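A look at the structure
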Amino acid sequence: MKTAYNTDEIRDLVQGIIADIDGTKNIDDIDFFHKPDKAEVREIIDNLFRIVFPGYFRDRSFKIYNPEHGFAVILEDVFYHLNKQVVQALDFCRLRGAMTGEERAREAYRITREFMRRLPAVRRLAETDLLAAYDGDPAAGCLEEIILAYPGLRASTVYRLAHELYLLRVPVLPRLMTEYAHAETGIDIHPGAVIGRSFFIDHGTGIVIGETAVIGQNVKIYQGVTLGAISTRGGQKLSGKKRHPTIGDNVTIYAGASILGGETVIGANSIIGGNTFITSSVPADTRVTVKNPEMEYRSQDSRRRKEEVKPGDEWCYVI
């Protein structure tokens, strides 16, 4: 049966919504031709992965694969599209209206060129993360498996790429990049965080690493870990201040741990147990654990009547 539409009613609904977009609200800005394009940013990340991990993420448009030619085409494509997105981003946030169009174009070109020069350094860091994952996970069958399948390596690599743009003071784009990885992997790393070499994320789902977090070398983090702020009630007044913890070298943080506060420092070589809640500093070479809760074990044979249980029967065990 066909649905009968009242065209006049639909027209009134459309006009009502259009009338509400009157420019009085921050969400009313409909000039989408001069904003960063999320879809294009994702394509840039995909192409960057073809450079960081050559041979693992093939561009299907190449029928006969010539590595040198392929890399040249991909790098040129990345440069063009990244430069275009940086131009748009430079008119955002605190920079809005601060530069003329010509100044933005020159600055975007400078930033894009510098970012491309830093790619070899990013690749070297990605190599250390790859080896840390292989050394730290007995379930890893080979290095190739980690590159192709591990969400932790994908999230950390996108972070390392985005971090370079963050250091170059590009608005919006770094966050779009890490949020794309967040949506894919469940791992939320702010591009402003500082993370040392040989960083290993095991499993990863639910990890949150805040903007001012500092993580040393050879750190391993499991799923559900939060490196966060104690409170954000100050809102924008807290912008630029150290709000997230510092993690020393060779630290392992197990699943579900929360470490909060800008003054909180976890000393080198420490082990932070699962489900711990830490808001003050921990000395180096320290093991932090939560005391086991009391657990009760009961027999599955619930049909036995209580009066049938004789002294000495193993009816329940309390640990």
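Remember, it's a predicted structure, so these values are computed and weren't measured experimentally. (Residues numbered from 1 in each chain as written. Predicted model: local features only at pLDDT ≥ 70, side-chain atom pairs only at ≥ 80, totals over all residues. Heavy atoms only, no water.)

We now examine unusual backbone geometry. Positive phi outside glycine occurs at R169, with the angle close to 65°. Inspection of the secondary structure assignment puts R169 in the loop between α6 (151-167) and α7 (173-185). Residue class for R169 comes out exposed when judged on its relative accessible area of 69%. In this model, D285 sits at a positive phi of 60°, which is unusual for a non-glycine residue. Locating D285 in the fold gives a position in the loop between β13 (277-278) and β14 (287-288). (Helix = DSSP H or I, 4+ residues; strand = E, 2+ residues; numbered from the N terminus. Buried < 20%, exposed > 50% of the residue type's maximum accessible area, 1.4 Å probe, protein only.)

In this section: the environment of D8. Residue position: D8 is located in helix α1 (residues 7-20). A polar side-chain atom of D8 sits 2.7 Å from a polar atom in the side chain of R11. (Polar contact = N/O pair within 3.5 Å; in protein donor to acceptor, adjacent residues only side chain to side chain.)

One open sheet accounts for 4 strands, arranged β2-β5-β8-β11; its pairing is parallel. Edge positions in the sheet fall to β2 (194-195) and β11 (265-266), since each has one partner strand and no second. Pairing between β2 and strand β5 (residues 214-215): 2 bridges, direction parallel. Its bridge partner being in β5, I195 is matched across the sheet by I215. (Pairing = 2+ DSSP bridges.)

Together, Y5, I10, V14 and I18 make up an exposed nonpolar region whose accessible area comes to about 400 Å². Residue classification places I18 among the partly exposed positions, given a relative accessible area of 48%. (Patch = residues over 30% accessible without salt bridge, like charges linked within 9 Å, V, L, I, M, F, W, Y side chains within 5 Å. Areas by Shrake-Rupley, 256 points an atom, 1.4 Å probe, with all protein chains shown as cover. Salt bridge = Lys/Arg side-chain N within 4 Å of Asp/Glu carboxyl O.)

If you look at the biggest cluster of nonpolar residues, it comprises 40 residues, and the most contacted ones within it are V86, F115, L161, V170 and M177. Mapped onto this core, the elements with two or more residues apiece are α2 (38-52), α3 (67-89), α4 (101-136), α5 (143-149), α6 and α7. Ranked by the residues each element gives to this core, the list is headed by α4, at 10 residues. Beyond its immediate stretch of four places on either side in the chain, F115 contacts L48, L82, L161, E164, L165 and L168. Counting 26 residues, the second-largest nonpolar core is a separate cluster that includes I187, A213, I253 and V282. (Core = buried A, V, L, I, M, F, W, Y, C linked by side-chain atoms within 4.5 Å. Contact = heavy atoms within 4.5 Å.)

Let us look at the packing of α2 against α4. Helix packing for two helices is described by the angle between their axes and how far apart those axes are. Close contact between α2 and α4 brings their axes to 10 Å; oriented N to C, the two are set at 60°. When the interaxial angle is binned, α2 and α4 end up oblique. Handedness of the crossing formed by α2 with α4: right-handed. Residues L48, I51 and V52 of α2 form the contact with α4, whose own contacting residues are F115, L119, R123 and A126. (Axes fitted to C-alpha atoms, helices over the stretch in contact; angles between N-to-C directions. Parallel < 35°, antiparallel > 145°, perpendicular 65-115°, else oblique. Left-handed = near helix turned anticlockwise from the far one by under 90°.)

In an α-helix, one turn spans 3.6 residues; hence positions three or four apart end up facing the same way. Given a rise of 1.5 Å per residue, 15 residues ought to cover 21 Å, and the 21 Å separating the end C-alpha atoms of α2 matches this to within 8%. Three or more residues of α2 are buried, namely E40, V41, I44, I45, N47, L48, F49, R50, I51 and V52. Two or three places before A39, at the start of α2, stands the capping residue D37, its side-chain oxygen 2.9 Å from that residue's backbone nitrogen. (Expected span 1.5 Å × (residues − 1).)

Across all of its chains, the model carries 3 aromatic pairs by this definition. A centroid spacing of 5.5 Å and a plane angle of 65° characterise the contact between F79 and Y109, whose relative ring orientation is edge-to-face. Of this pair, F79 sits in helix α3 while Y109 sits in helix α4, and the two are 30 residues apart along the sequence. Taking relative accessible area as the criterion, F79 reaches 23% and is therefore assigned partly exposed. Exposure remark for Y109: the relative accessible area of 44% places this residue in the partly exposed category. (Phe/Tyr/Trp six-rings, centres within 6.5 Å; stacked < 30°, edge-to-face > 60°.)

Its 17 residues give α6 an end-to-end C-alpha distance of 24 Å, which sits within 8% of 24 Å, the value for a rise of 1.5 Å per residue. Across the 17 residues that make up α6, a large majority, 14, are buried. Looking one or two residues past α6, R169 carries a phi angle of roughly 65°, positive in sign.

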